Amino acid sequence: MTGKRRKAREMAVQMLYQRDLGGSDLEEILAGFDPSESSLDEGEEDRPEPIEPAVFEHAASLVRGTVEHLEEIDRLIGSQADNWRLERMPAVDRNILRLGVYEFLQQPDVPKLVVIDEAIELAKRYGSENSSSFVNGLLDGLVKQHSFPGSLT
């Protein structure tokens, strides 16, 4: 399931990014994101892998939850991001952070360190060379400053 959760997180970040920059309606984004299209894993340029409907549904659930709790999520990120206004953060980083904080708040079955590790991997793959350090520092700081439901490890 780990690989499936990672794919769902990747799709969720893509959808959140599209919503953030394009200002599109969430349902339009979900409807336009075709889970029957193939995705390529890194290094597998010639072997497309179909997206499983359950993976898409998990991604859609993550996106809907993140958007539903966006005000609280952004407030938490803003409280931890010294000298960084949310709107000035790179869009990829901002949406990876939003997804991570959503999981902290609403996914107690996922250990916090797993959420951080997954966010770091997303930042390495989709962000700039500094994104993984930025995401790691901010999420780690939030975990140390707040009591989120669920376990750390």
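We now turn to the structure provided with this report.

Definitions and limits used
Counting restarts for each chain: residues are numbered from 1 in the order of the written sequence. Confidence filtering applies because this is a predicted model: local features only for residues at pLDDT of at least 70, side-chain atom pairs given and counted only at 80 or more, and all residues used for totals across whole chains, interfaces and linings. By convention in this description, side-chain values take in all heavy atoms of the structure and omit both hydrogens and water. We count a stretch as a helix when DSSP gives it H or I for four or more residues in a row; a strand needs E for two or more, and each element gets its number in order from the N terminus. What a helix should span is 1.5 Å times the count of its residues minus one. Burial classes follow relative accessibility: with a 1.4 Å probe on protein chains only, a residue under 20% of its type's maximum area counts as buried, one over 50% as exposed, and anything between as partly exposed. We define a salt bridge as a side-chain nitrogen of Lys or Arg found within 4 Å of a carboxyl oxygen belonging to Asp or Glu. In this description, a nonpolar core means a group of buried Ala, Val, Leu, Ile, Met, Phe, Trp, Tyr and Cys residues linked to one another through side-chain atoms lying within 4.5 Å. Whether two residues touch is decided by their heavy atoms; if any such pair falls within 4.5 Å, the residues are in contact. Helix axes are fitted to C-alpha atoms over the stretch in contact, other axes to C-alpha atoms as well, and angles between N-to-C directions run from 0 to 180 degrees. Orientation categories follow fixed angle ranges, with anything under 35 degrees roughly parallel, anything over 145 roughly antiparallel, 65 to 115 roughly perpendicular, and all other angles oblique. In this scheme the crossing of two helices becomes right-handed for a clockwise turn of the near helix relative to the far one and left-handed for an anticlockwise turn of less than a right angle. Throughout this entry, Asp, Glu, Lys and Arg are counted as charged residues, while Ala, Val, Leu, Ile, Met, Phe, Trp, Tyr, Cys and Pro are counted as nonpolar. The remaining residues, Gly among them, count as polar.

### A word on helix α6 (residues 112–126)
Stage number 1. Its 15 residues give α6 an end-to-end C-alpha distance of 21 Å, which sits within 8% of 21 Å, the value for a rise of 1.5 Å per residue.
Stage number 2. Taken together, the buried positions of α6 are Lys112, Val115, Ile116, Glu118, Ala119, Ile120, Leu122 and Ala123.

### What to know about helix α3 (residues 53–68)
Stage number 1. A rise of 1.5 Å per residue sets the reference length of α3, with its 16 residues, at 22 Å; its end C-alpha atoms lie 22 Å apart and thus fit the reference within 8%.
Stage number 2. By the burial criterion, the buried members of α3 are Val55, Phe56, His58, Ala59, Ala60, Leu62, Val63, Gly65 and Thr66.

### Section: the pattern of salt bridges
Stage number 1. Tallying each qualifying case throughout the model produces 13 salt bridges.
Stage number 2. A salt bridge links Glu118 to Arg9, with the shortest nitrogen-to-oxygen separation between them at 3.6 Å. Pair noted here: Glu118 is in helix α6 and Arg9 is in helix α1 (residues 2–22), with a separation of 109 residues, a long-range link. Grouping residues by exposure puts Glu118 and Arg9 together as buried.

### Digging into the nonpolar core
Stage number 1. Met15 and Leu139 are the most contacted members of the largest nonpolar core, which has 45 residues in total.
Stage number 2. Put simply, the parts of the chain that give this core at least two residues each are α1, α2 (26–32), α3, α4 (70–80), α5 (91–106), α6 and α7 (131–145).
Stage number 3. A per-element tally of this core places α5 first, with eight residues.
Stage number 4. If near-sequence neighbours (up to four positions away) are discounted, Met15 is found in contact with Ile29, Leu30, Phe33, Phe56, Ala59 and Val63.

### Considerations on the packing of α5 against α7
Stage number 1. Packing of α5 against α7 leaves a shortest axis separation of 10 Å and a crossing angle of 30°. Here α5 lies roughly parallel to α7, going by the angle between them. Judged by the sense of rotation from one axis to the other, the crossing of α5 with α7 is right-handed. Across the interface between the two elements, Asp93, Ile96, Leu97, Val101 and Phe104 from α5 touch Ser131, Phe134, Val135, Leu138, Leu139, Leu142 and Val143 from α7.
Stage number 2. For the contact of α5 with α7, the residue count by class is 10 nonpolar, one polar and one charged.

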